[in-house]
Amino acid sequence: MATTPKCTEWQFSGSEAAKEAAAAALGAYTSKLMALCDPNGKPILPPSNKAVETSNSAEKAVVKVVLSGTGNAYAPSIGLPLAKSAVAEYLNRDLPNKLTAADVFMTVGCKRAIDLAIDILAKPKANVLLPRPGFPWDVVRSIYKKLEVRYYDFIPEQNFEIDFESVKKVTDKNTFAIFIINPHNPNGNTYSEAHLKQLAELAKELSIMVVSDEVFRWTVFGNNPFVPMGKFSSIVPVVTLGSLSKGWNVPGWRTGWLALHDLDGVFRNTKIVEAANQFLQINAKPPTVIQAAMPDILERTPKHFFHERGSFLKHKVDIGYAKVKHIPGLTCYMKPEACTFLWTKLDISCFADIEDDVDFCSKLAMEENLVVLPGIAFRQQNWLRHSIDMETPTVEDAFERLKSFCERHSTKGGASLKNVNGVN
């Protein structure tokens, strides 16, 4: 008689340390919504297989490095000296207080720059102020590191300026920094020089530093010009974060930076510079081949590349903003001045069978093969982020689908609530 083999009780199992943080990642929301779409129905929007074009000058710079073999070796943990110098010189164009190469640390994209900022600044019992809404990676990393997160708010009716009263209310003796995103994702606004100066003065009053994610600085197309937070480093210590990804359309190149705008040597005296060096010793480095191409990428990319990109985005924003005005239940408080999205408020009371923003986005994906991200992904419930970085016919199709969906589910009635996903 055969005996049942005894199961070995292995003394290992997968860690769940990242489970909570992974659930908060933007990709988790996107993947869930994509899975609800019908691959055999109408084209899924936004297109996931879109070929992204970058500057020909940037491509030539990388090819030059590849062919010369100058990017084949390991780079120093804090970055290639020539890359650090190139970033410092580029940023200095807009700064009264100049950076040196020693103030710049190369990172694996802007996400890693944010990660590094948290690593080198956080202490036991410390808390950090994050924007609500805001790009969720800040939250992901903070949750993973068990750092206390506190939120400040915006004033939608005032072009999403920071609500300074909300900042004061959540700050205490353990607060070490306020993170901002400028231009802001997902609000789409660009802060004025006067507003940033007010922020710097408030941060000084509260004895905290300002960490500014400026990765979208090259996507500005509105009337409000981009002003770097580093301009106010004579008032308060500032850390700025950037990368090539959004400006050059090369997120796959995974090259970013963190810059310390040091007020009277505060970062050096408080061992921030030392900590940055130490953490970069034990972390991944951006591709040497891209770092070696940085001088040519930053110096030789023509201005018209960014102007054309801005004109493209502005045209798509104009289309989306005009169409949203005629869609029931959605309000766009301001026409974006930068970035690649529209940010709209969702009025649940206008819909017959929609529970919240997640339910809205789930049903929209199932019925229309249209992926719109729920506001809760950015820590603000019942808002929506719409991508507009598509060709004109595709943008128009996306907002027509959105309108059709909202009219079908409206409390005022409309088409029957059937599943309309299919090839028409």
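Position labels on residues start from 1 in each chain and follow its written sequence. For a predicted model such as this one, the threshold for reporting local features is a pLDDT of at least 70, and the threshold for listing and counting side-chain atom pairs is 80 or more; totals across whole chains, interfaces and linings nevertheless cover every residue. Only hydrogens and water are set aside; all other atoms, that is, all heavy atoms of the structure, feed into the side-chain values.

J.: Could you clarify how one ought to interpret helix α3 (residues 56–68) in this entry?
T.: The periodicity of an α-helix, 3.6 residues per turn, causes residues three or four positions apart to be oriented the same way. With 13 residues, α3 extends 18 Å between its outermost C-alpha atoms, agreeing within 8% with the 18 Å of an ideal straight helix rising 1.5 Å per residue. Whether two residues are in contact is decided by their heavy atoms: any pair within 4.5 Å suffices. Secondary structure elements follow DSSP: runs of H or I no shorter than four residues count as helices, runs of E no shorter than two count as strands, and numbering proceeds from the N terminus. On its buried side, α3 packs onto α9 (245–248) and α12 (288–300). Whenever two N or O atoms come within 3.5 Å, that pair is a polar contact, provided that in protein one can donate a hydrogen and the other can accept it, and provided that, for residues adjacent in sequence, both atoms are side-chain atoms. The N-cap of α3, judged by a side-chain oxygen 3.1 Å from the amide nitrogen of Ser57 a few residues on, is Ser55. To estimate how far a helix should reach, multiply one less than its number of residues by 1.5 Å.

J.: I would appreciate a short explanation of helix α15 (residues 392–409) in the present structure.
T.: A rise of 1.5 Å per residue sets the reference length of α15, with its 18 residues, at 26 Å; its end C-alpha atoms lie 26 Å apart and thus fit the reference within 8%. Here's how the labels work: a residue is buried when its accessible area is under 20% of the maximum for its type, exposed when over 50%, partly exposed in between, all with a 1.4 Å probe on protein chains only. Taken together, the buried positions of α15 are Val395, Ala398, Phe399, Arg401, Leu402, Phe405, Cys406, Arg408 and His409. Of the surrounding secondary structure, the elements contacted by the buried residues of α15 are α13 (303–324), β10 (330–331), β11 (341–346), α14 (357–368) and β13 (383–387).

J.: Hey, could you run me through the packing of α14 against α15 in this one?
T.: One way to put it is that α14 packs onto α15 with a least axis distance of 11 Å and a crossing angle of 115°. Here α14 is positioned roughly perpendicular relative to α15, judged by the angle of their axes. The crossing of α14 and α15 is right-handed. Contacts between α14 and α15 involve Phe360, Lys363, Leu364, Glu367 and Glu368 on the former and, on the latter, Arg401, Leu402, Ser404, Phe405, Cys406, Arg408 and His409. Here the nonpolar group is Ala, Val, Leu, Ile, Met, Phe, Trp, Tyr, Cys and Pro; Asp, Glu, Lys and Arg are the charged ones; every other residue, Gly included, is treated as polar. Its residues placed into classes, the contact of α14 with α15 shows 5 nonpolar, 2 polar and 5 charged. Axes here mean lines fitted to C-alpha atoms, for a helix over just the part in contact, with angles spanning 0 to 180 degrees between N-to-C directions. Relative orientations are named as follows: roughly parallel for angles under 35 degrees, roughly antiparallel for angles over 145 degrees, roughly perpendicular for angles from 65 to 115 degrees, and oblique for any other angle. Note: crossing handedness is left-handed where the near helix turns anticlockwise from the far helix by less than a right angle, and right-handed where it turns clockwise.

J.: Is there a simple way to explain the packing of helix α4 (residues 81–92) against α12 in this structure?
T.: Packed helices, taken two at a time, are described by the angle their axes make and the gap between the axes. Two elements in contact, α4 and α12, have axes whose closest approach is 7 Å; the angle formed by their N-to-C orientations is 25°. Taken together, the axes of α4 and α12 are roughly parallel relative to one another. Pair α4 / α12 crosses with left-handed handedness. Each of Leu82, Ala83, Ala86, Val87 and Tyr90 in α4 lies in contact with α12, whose residues at this interface are Gln291, Ala292, Met294, Pro295 and Leu298. Tallied by class, the residues present in the contact of α4 with α12 amount to 9 nonpolar, 1 polar and no charged.

J.: Just to check I follow, could you spell out unusual backbone geometry for this structure?
T.: Most peptide bonds adopt trans geometry, and most residues besides glycine take a negative phi value. The omega angle of the peptide bond from Arg132 to Pro133 is 10°, so this bond is cis rather than trans. Among the secondary structure elements, Pro133 is positioned in the loop between β2 (127–131) and α6 (137–144). Along the chain, Asn182 connects to Pro183 via a cis peptide bond; the corresponding omega equals -5°. Among the secondary structure elements, Pro183 is positioned in the loop between β6 (175–181) and α8 (193–206). You will see that Lys125, though not glycine, has its phi angle at about 70°, which is positive.

J.: When you look at the pattern of salt bridges in this model, what are you seeing that I'm missing?
T.: Proximity of charged atoms lets side chains of opposite charge pair with each other. Salt bridges are defined as contacts in which a side-chain nitrogen from Lys or Arg sits within 4 Å of a carboxyl oxygen from Asp or Glu. This structure, assessed with the given rule, holds 20 salt bridges. Lys231 is paired through a salt bridge with Glu193; the nearest N and O atoms lie 3.0 Å apart. A residue pair is termed long-range when its members are at least 10 positions apart, and Lys231 in the loop between β7 (209–213) and β8 (238–243) and Glu193 in helix α8 qualify at 38 residues. Overall, the relative accessible area of 29% leaves Lys231 in the partly exposed class. Overlapping salt bridges bring together Lys42, Glu367, Glu368 and Arg408 as one network.

J.: Teacher, can you tell me more about the state of the cysteines here?
T.: Each disulfide consists of one covalent bond between the sulfur atoms belonging to two cysteines. Cysteine sulfur atoms that pair up within 2.5 Å are treated as a disulfide. Tallying each qualifying case throughout the model produces 0 disulfides. Cys339 forms no disulfide, and the closest cysteine sulfur to it belongs to Cys110, at a distance of 12 Å. Owing to a relative accessible area of 1%, Cys339 belongs among the buried residues under this scheme. With no disulfide of its own, Cys406 lies closest to Cys350 among cysteine sulfurs, the gap being 9.3 Å.

J.: Would you mind going over the sheet that holds β2 with me for this structure?
T.: Strand pairing in a sheet takes place through backbone hydrogen bonds and is either antiparallel or parallel in direction. An order of β1-β9-β8-β7-β6-β2-β3 is seen for the 7 strands of this open sheet, with the pairing classed as mixed. A strand with exactly one partner marks an edge of an open sheet, and here the two such strands are β1 (104–107) and β3 (148–152). Each strand of the sheet is rotated relative to its neighbour by a mean of 20°, with strand direction disregarded. Summarising the sheet, β7 and β8 pair through 4 bridges and their orientation is parallel. Residue Ser212 lies in a different strand from β8, and its bridge partner there is Thr240. Any two strands between which DSSP finds at least two bridges are classified as paired.

J.: Just checking my understanding: could you explain the side chain of Arg379 for this structure?
T.: Among the structural elements, Arg379 can be located in the loop between β12 (373–374) and β13. His is not counted, nor are the chain ends, whereas Lys and Arg count as positive and Asp and Glu as negative. Among buried Asp, Glu, Lys and Arg side chains, Arg379 stands out as unpaired, with Glu20 the closest opposite charge at 7.8 Å. Non-local contacts of Arg379, meaning those with residues more than four positions away in its chain, are made with Ala24, Tyr29, Arg132, Val139 and Tyr151.

J.: Teacher, can you tell me more about the sheet that holds β10 here?
T.: In spatial order, the strands read β10-β11-β13-β12; together these 4 strands make up an open sheet with antiparallel pairing. Either end of the sheet is taken by a strand with one partner, and the two such strands are β10 and β12. As defined by bridge partners, β11 adjoins β13 across 5 bridges and the pair is classed as antiparallel. Its bridge partner being in β13, Thr344 is matched across the sheet by Leu384. Packing of α13 onto the sheet brings it into contact with β10 and β11, and relative to β11 it is tilted by some 15°.

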